[in-house]
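Breakdown of the fold
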Amino acid sequence: MEIKETLLLPIEATKKVIRVTKALFAPKATEIWWDKGIRRELRYRGKHVIKADLCIGCSMCARACPVNCIEMVPTGVKKPRAVPKVRANECIFCGLCEDACPTKPEKAIKLTDEYRMIVEPGTWDNLSKFIFEPENLEEAIEKAKKMEELLEKKKQEALKKKQQAAAKKKEEK
Amino acid sequence: MGNSIATAGYTFVVEESKEVSGEDLGLLQEKLLQLNWGVQHPASGPMRLKVWVDGDEVVKVDPDIGYVLRLLEKLVEYRTWINAIVNVERACFIDNFGTMTGYSIAAEKIAGVKVPKKADYIRTILCEGGRIVSHLIGLGSFVGVLGVHTPMQWALIAREKFLDAFEVYSGQRIATASIVPGGVRYEPTGKFIEKMVTAVDFLENEFIPRYGEVFIDNPTLKVRSVGVGKVSKERAIELGLAGPALRASGVSSDIRKDYPYAAYGELDFKVITKEEGDAYARYLVIWEELIESAKIIRQAIEGLPEGDYRTKFPVKVPAGEAYVNVEWARGCFGFHLISNGGTGPYRLKMRAPSFANLWAIPEMMKNVKLADVPVIFASLYMCHGDIDR
């Protein structure tokens, strides 16, 4: 019997090797979850996207919010006077701010299908700092400042022209 | 006799403590014993029943509620007309469409806004979807308290299909916030209708035959529930029962039929009533309403008209009052809404069916066995969210 067992040893060893190699190339039982598989529908209400260049600063979204989690942050320029900032840990993702936004055709505040919102570590301090801020805010402010400068220049030019015209009229008289 | 101690104007009466041993224990066994059925009981939910028992027989029951009080009625006073729906829908998360519809109809009545026909039909579809979702959980939990947890899992499989449809429609599965004063918030897409039809198909072709074969007319279930918690027709009206519990006692009261709202006036359906008035009859009413609701959804989808789904609702609503009843999944839900001409409701009073059913418990649970307490409790089909509000 012993001789037989010794003869069978290499066969069993090869069997084991085959099993291990098979297991190495087989598909894994667990997968990384965020790569695929989670359905996001057309109207999925996830993370907010706030576009500062579209915003007109009317604060309709802040008024429509049922939990008062939207804060209007003053920008320092005339248009937009203030932009919304969403405190994410208080938000209930009802989407009423998106309904209230009057900008057309694209809304300045929008709920996207982005569902990954990770705060680490999830302490209260970190959560209260978890805020959705407007995109391209600095660019929008710079743009608005340039526009304001242009408008002021135009105004001054118009004023000068008026004054010149008035002076001419006086001279004619 | 107690000894009294006077301290700082208060009088405390402390009962004498007495050690009991030997033969006196027999006397103690004959005394009434108070049991706390809940808050930790698997069938009770977040509420407690104080149950006084004499041996195995229940002598007296006193419900103790208030564990999930959220002051929804007060919170509505701080909202605008539109965004108050997020508080109203949280009366009970299972069927949130019914409460939103009732509030919206009340607000429209005060403001004098007429809703487009399409919005009415979508409201009907959503309300019936919510009713089915709620009834499924009701069926599952009724058999669940008897100790069989399979039907709950089957019910949840069927419920998942409806939640998928709600997610396609509004983006959320449970707190949908989709019905507002002035119509509904979203256009019903083809995919939503498709999902709703597949959900109803699954319910009618898979769930109902399979569930009906095993858990309806089941002899073991009948032994536990037939003749338990019986309420006569007259007594049911006196107690103020609502919903399936009232209909199981032979009163054909259904707001959808009596005072039609949304599109119910144009649809063909029947009110289910049973004469027995016991726990099994209440279970059967829920079961048959489930089948009826599936038919209503099919009719509403067929008759879905073209046009707008939302009209403009004014920011400020003139002063006035409105009282609106809707047939919610668990019974007649009343909304008394008052406006003082502001941008939001001045006061909202919600009359909840589960709260009405709760106070029938002390009478129904007199002189029953302790094992019947969960059966009667589950058959009344209550939701703790709208008991406390």
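In this text, all values refer to a predicted model and were calculated from it rather than measured experimentally.

Take the overall build of chain B next. In terms of regular secondary structure, chain B is built from 16 helices and 10 strands. Taken over the C-alpha atoms alone, chain B extends approximately 80 × 60 × 35 Å along its principal axes. Across chain B, the fraction of contacts at a sequence separation of at least 24, relative to all contacts at a separation of at least 6, is 70%.

Check the secondary structure of chain A and you find 5 helices and 5 strands. Listing each helix as α and each strand as β along chain A from the N terminus yields α-β-α-β-β-α-β-α-β-α. Relative to the globule expectation of 16 Å for 173 residues, the C-alpha radius of gyration of chain A, 32 Å, shows a markedly less compact shape. Based on the C-alpha atoms only, the size of chain A along its principal axes is roughly 135 × 35 × 30 Å.

In this section: the confidence of the model for chain A. Per-residue pLDDT for chain A averages 83, and the proportion of residues at 70 or more is 94%. Mean pLDDT across the elements of chain A bottoms out in helix α4 (residues 124–128) of chain A (84) and peaks in helix α1 (residues 2–25) of chain A (88).

The subject of this paragraph is the interface of chain B and chain A. Chain B puts 13 residues into the contact, and the matching count from chain A is 12 residues. No other element matches helix α6 (residues 150–170) of chain B, which puts 3 residues into the side of chain B that touches chain A. Along the lines of polarity and charge, the residues of the side of chain B that touches chain A split into 5 nonpolar, 5 polar and 3 charged.

What follows deals with the sheet that holds strand β8 (residues 320–328) of chain B. Residue and element names in this part refer to chain B. On the basis of which strands lie adjacent, the open sheet formed by 3 strands has the order β8-β9-β10 and antiparallel pairing. Unpaired on one side and paired on the other, β8 and β10 (347–351) mark the two borders of the sheet. Neighbour-to-neighbour, the strand axes of this sheet turn through a mean angle of 15°, independent of strand direction. Inspection of the sheet shows strand β9 (residues 331–339) paired to β10 by 5 bridges, in the antiparallel sense. Each bridged residue has a counterpart across the sheet, and for G334 the counterpart in β10 is R351.

The predicted coordinates ought not to be read in detail in places where the model reports low pLDDT. All names here are of chain B. Looking at chain B as a whole, its pLDDT mean stands at 85, while 92% of the residues score no less than 70. Segment residues 1–6 is flagged for pLDDT under 50; beyond a separation of four residues in sequence, or across chains, it makes 9 contacts in the model. The ipTM for the predicted assembly is 0.73, set against a pTM of 0.81.

All right, on to the sheet that holds strand β4 (residues 48–54) of chain B then. Residue and element names in this part refer to chain B. What the 3 strands build is an open sheet, ordered β3-β4-β5; its pairing is antiparallel. The sheet terminates laterally at β3 (33–38) and β5 (57–64), the two strands that pair on one side only. Strand after strand, the sheet turns through a mean of 25° between neighbouring axes, direction not considered. Here β3 runs beside β4; their pairing, made up of 6 bridges, is antiparallel. Residue pairing across strands places Q34 opposite W52, the latter belonging to β4.

Residues and elements named next belong to chain A. Here α1 contains 24 residues, and its C-alpha end-to-end distance of 35 Å stays within 8% of the 34 Å for a straight helix at 1.5 Å per residue. Considering bend angle alone, the principal kink of α1 is centred on L9 and spans about 35°; proline P10 follows within four residues of it. Counted residue by residue, α1 has 0 buried out of 24 residues, so it is predominantly exposed.

On to the nonpolar core. Among the nonpolar cores identified, the biggest contains 128 residues, and A:C61, A:C97, B:I85, B:Y103, B:A165, B:L241 and B:I376 are the most heavily contacted of them. The dominant element in this core, judged by the number of residues it contributes, is helix α5 (residues 117–145) of chain B, at 14 residues.

Further remarks concern the pairing of strand β3 (residues 82–87) of chain A. All names here are of chain A. In this sheet, β3 lies alongside strand β2 (residues 70–74) in antiparallel orientation, the contact comprising 5 bridges. Residue pairing for β3: V73 is matched across the bridge by V83. Across 2 bridges, the pairing between β3 and strand β5 (residues 131–132) is antiparallel. From the neighbouring strand, R87 faces β5, where its bridge partner is I131.

Taking 1.5 Å per residue, 16 residues should reach 22 Å; helix α4 (residues 96–111) of chain B reaches 23 Å between its end C-alpha atoms and fits that length. Positive backbone phi, at 70°, marks B:G112, one or two positions downstream of α4(B).

On to the packing of α6(B) against helix α7 (residues 190–215) of chain B. Residues and elements named next belong to chain B. Two numbers describe how α6 lies on α7: the axes approach to 8 Å, and their chain directions differ by 170°. By the criterion of interaxial angle, the relationship of α6 to α7 is roughly antiparallel. Here α6 contributes P151, W154, A158, K161, F162, D164, A165, V168 and Y169 to the contact with α7, which in turn contributes K191, F192, K195, M196, T198, A199, F202, L203, F207, R210, Y211 and F215. The residue inventory of the contact of α6 with α7, partitioned by class, reads 15 nonpolar, 1 polar and 5 charged.

Our focus in this paragraph is unusual backbone geometry. Where the residue is not glycine, phi is negative for most of them; where a peptide bond is considered, it is trans in most cases. Residues and elements named next belong to chain A. Of the consecutive residues K104 and P105, the connecting peptide bond is found in the cis state with omega at -5°. Mapping P105 onto the fold places it in the loop between α3 (96–100) and β4 (109–111). Put simply, E120 and P121 share a cis peptide bond, and its omega is -10°. With respect to the secondary-structure elements, P121 resides in the loop between β4 and α4. Non-glycine residue F93 carries a positive phi angle of around 55°.

Parameters at a glance
Residues numbered from 1 in each chain as written. Chains lettered and ligands numbered in written order. Predicted model: local features only at pLDDT ≥ 70, side-chain atom pairs only at ≥ 80, totals over all residues. Helix = DSSP H or I, 4+ residues; strand = E, 2+ residues; numbered from the N terminus. Contact = placed C-beta atoms within 7 Å. Rg over C-alpha atoms; globule rule 2.2 N^0.38 Å. pLDDT = per-residue confidence, 0-100. Nonpolar A, V, L, I, M, F, W, Y, C, P; charged D, E, K, R; others polar. Pairing = 2+ DSSP bridges. Axes fitted to C-alpha atoms, helices over the stretch in contact; angles between N-to-C directions. Expected span 1.5 Å × (residues − 1). Bend = angle between axes of the 7 residues up to and from the residue. Buried ≥ 20, exposed ≤ 12 C-beta atoms within 10 Å, placed from the backbone. Core = buried A, V, L, I, M, F, W, Y, C linked by C-beta atoms within 7 Å. Parallel < 35°, antiparallel > 145°, perpendicular 65-115°, else oblique.

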